[in-house]
Protein chains: 2
Amino acid sequence: MVEQQTPAEDPLTEILKAASDPTRRGILTLLAQAGPTRVTEIAARFDISLNAVSKHIKVLEQAGLVSRRTLWREHLIEVQMQPLVLIDQWFAALRSIWALRLEKLDDLLTKEQTDD
Amino acid sequence: MVEQQTPAEDPLTEILKAASDPTRRGILTLLAQAGPTRVTEIAARFDISLNAVSKHIKVLEQAGLVSRRTLWREHLIEVQMQPLVLIDQWFAALRSIWALRLEKLDDLLTKEQTDD
DNA sequence: TTGTTGTTCAACCATATGGATGAATTAGAT
DNA sequence: ATCTAATTCATCCATATGGTTGAACAACAA
């Protein structure tokens, strides 16, 4: 048995999905301000069950947005910023594709004008 | 009847959700390179039904990531970059919260060292 | 008129998601 | 030994999501 844990989507998709839930973004914010925090501690700040929070954390972990340091019973959860850079990169790529088209379009118009 | 169209989530959540689907990101990329494009034209590039694409476009539209110009039968879909800035802003905010904590932590350590 | 084209709408389906609750596990405290 | 604390695991539930197919509709082409 090779521990199949969902078909493994591409990283960007996982990151965006993980970030698209308000509760999860709340958890990230909390972790950013508070530093490494225990699961129970995190759960205390939200109005949902500890279990629900535990699941959210797992999603974030899967996406690489948080890491876990397990000290016996206590799991210290810590935010990881690096993966978010992938979002930036995607945005930048999209933007440059878009800019490129406008540029070409502009060239074309300029040329036509010159041809007059 | 006040046209209730789902409880209206916050914009950032809608944008991230919309962007978290690979097909939808594909559509955005296509639109960025090709400019305003008809629904049928878009659908032709993807290996799913026209209807599925139509639904994806509606999600993108809802999130403000594309706009629609309807010329009689033809609907011209165009990418809208502005909303993506909200993602950047969220990321920047998170990052600054995080940086602030590290800064404080650093101050604390420096102070202790001075106290030695 | 009668097609044909470009789209959405309406069902329907399988699977994913976010939540709840209860049990299981493991270690520290009495 | 027992109790309590910190977590995850296992179920279960309702709703959302992404996809399909078939119908409806409006406008251009024959």
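So, here's what we can say about the structure. The numbering scheme is per chain: residues are counted from 1 as the chain's sequence reads. Numbering of ligands from 1 and lettering of chains from A proceed in the order in which they are written. For a predicted model such as this one, the threshold for reporting local features is a pLDDT of at least 70, and the threshold for listing and counting side-chain atom pairs is 80 or more; totals across whole chains, interfaces and linings nevertheless cover every residue. No hydrogens and no water enter the side-chain calculation; it runs on all heavy atoms of the structure.

1. Things to note about the protein's contact with DNA strand D
Residue proximity to a molecule or strand is established when one non-hydrogen atom of the residue lies within 4 Å of it. Within the structure, DNA strand D sits among 23 residues, and T40(A), N51(A), R68(A), N51(B) and H56(B) are positioned closest to it. For this analysis, a polar contact is any N or O atom pair within 3.5 Å, provided that within protein one partner can donate a hydrogen and the other can accept it, and provided that sequence-adjacent residues contribute only side-chain to side-chain pairs. A distance of 3.3 Å separates a phosphate oxygen of DNA strand D from a polar side-chain atom of R38(A). H75(A) places a polar main-chain atom, nitrogen or oxygen, 2.9 Å from a phosphate oxygen of DNA strand D. Going through the elements one at a time, α3 (39-44), α4 (50-62) and β3 (74-79) of chain A together with α2 (22-34) and α4 (50-62) of chain B are the ones with two or more residues in the surface near DNA strand D. Note on conventions: DSSP H or I runs of at least 4 residues are helices, E runs of at least 2 residues are strands, and numbering of each starts at the N terminus.

2. Regarding unusual backbone geometry
Although it is not a glycine, W72(B) adopts a positive phi angle of roughly 55 degrees. Within the secondary structure, W72(B) is located in the loop between β2 (66-71) and β3 (74-79).

3. Re the interface of chain A and chain B
Any two residues whose heavy atoms approach within 4.5 Å at even a single point are treated as in contact. The interface of chain A with chain B comprises 30 residues on the first partner and 30 residues on the second. Two parts placed together each lose some accessible area under a 1.4 Å probe, and adding up what both lose gives the buried area. In this assembly, chain A packs against chain B so that about 2,700 Å² is buried in total across both faces, 72% of it on carbon and sulfur atoms. Whenever Lys or Arg places a side-chain nitrogen within 4 Å of a carboxyl oxygen from Asp or Glu, that contact is recorded as a salt bridge. Between the two partners, chain A and chain B, sit two salt bridges. The salt bridge partner of D10(B) is R25(A), with a shortest N-O separation of 3.5 Å. Applying the counting criterion to the chain A and chain B interface returns six residue pairs in polar contact (both at pLDDT 80 or more). Among the elements of the structure, α1 (11-19), α2 (22-34) and α5 (84-115) of chain A are those that each provide at least two residues to the side of chain A that touches chain B. In terms of residues, the side of chain A that touches chain B owes the most to one element, α5(A), which gives 11 residues. Gly is placed with the polar residues, together with every amino acid not listed as nonpolar (Ala, Val, Leu, Ile, Met, Phe, Trp, Tyr, Cys and Pro) or charged (Asp, Glu, Lys and Arg). Taken together, the residues that form the side of chain A that touches chain B break down as 19 nonpolar, five polar and six charged.

4. Examining a nonpolar patch on the surface
Patches here: salt-bridge-free residues with over 30% relative accessible area, like charges joined within 9 Å, nonpolar side chains (Val, Leu, Ile, Met, Phe, Trp, Tyr) joined within 5 Å. For every accessible area listed, the method is Shrake-Rupley and the probe measures 1.4 Å; residues are considered covered only by the protein chains on display. On the surface, a nonpolar cluster with roughly 260 Å² of combined accessible area is contributed by L102(A), L105(A) and L109(A). In this structure, L109(A) sits in helix α5.

5. Some thoughts on the relation of the copies chain A and chain B
For the pair of chain copies, the relating transformation is a rotation about an axis with a translation along it. Of the two same-sequence chains, chain A is brought onto chain B (RMSD 0.0 Å, axial shift 0.0 Å) by a rotation of 180 degrees. Taken together, the rotation angle and the small translation identify this as a two-fold axis. When the interface residues of chain A are mapped onto chain B, 100% of them again lie at the interface, so the same face is used by both copies. Here the copies are matched by least squares. The fit uses the C-alpha atoms of residues with pLDDT of at least 70 in both.

6. Digging into the sheet that holds strand β1 (residues 37-38) of chain A
Residues and elements named next belong to chain A. If DSSP finds at least two bridges between two strands, the strands pair. Ordered in space as β1-β3-β2, the three strands form an open sheet in which the pairing is antiparallel. Of all the strands in the sheet, the pair left with one neighbour each is β1 and β2 (66-71). As judged from the two bridges shared by β1 and β3, these two strands associate in the antiparallel manner. Considered in β3, the bridge of T37 is made with I77. Contacts between α2 and the sheet are confined to β1, β2 and β3, with β3 contributing the most and set at about 95 degrees to the helix. What counts as an axis is a line fitted to C-alpha atoms, over the stretch in contact for a helix, and the angles between N-to-C directions run from 0 to 180 degrees.

7. Brief notes about the nonpolar core
Residues enter a nonpolar core if they are buried and are Ala, Val, Leu, Ile, Met, Phe, Trp, Tyr or Cys, with the set joined through side-chain atoms within 4.5 Å. The classification of residues rests on relative accessible area computed with a 1.4 Å probe and restricted to protein chains. Under 20% of the type maximum is buried, over 50% is exposed, and intermediate values are partly exposed. Counting 54 residues, the largest nonpolar core has L84(A) and L84(B) as its most contacted members. Source of the domain bounds: an automatic or database domain assignment. Mapped onto the domain boundaries, this core takes at least three residues apiece from domain 1 (1-82) and domain 2 (84-116) of chain A. Ignoring sequence-local partners within four residues, the contact set of L84(A) consists of I15(A), L65(A), W90(B), F91(B) and L94(B).

8. Describing the sheet that holds β3(B)
Residues and elements named next belong to chain B. Pairing within the open sheet is antiparallel, and its three strands lie in the order β1-β3-β2. The open sheet has two edge strands, β1 (37-38) and β2, and neither has a second partner. Packing of α2 onto the sheet brings it into contact with β1, β2 and β3, and relative to β3 it is tilted by some 95 degrees. Against the sheet, α4 touches β2 and β3, its axis set at about 115 degrees to β2.

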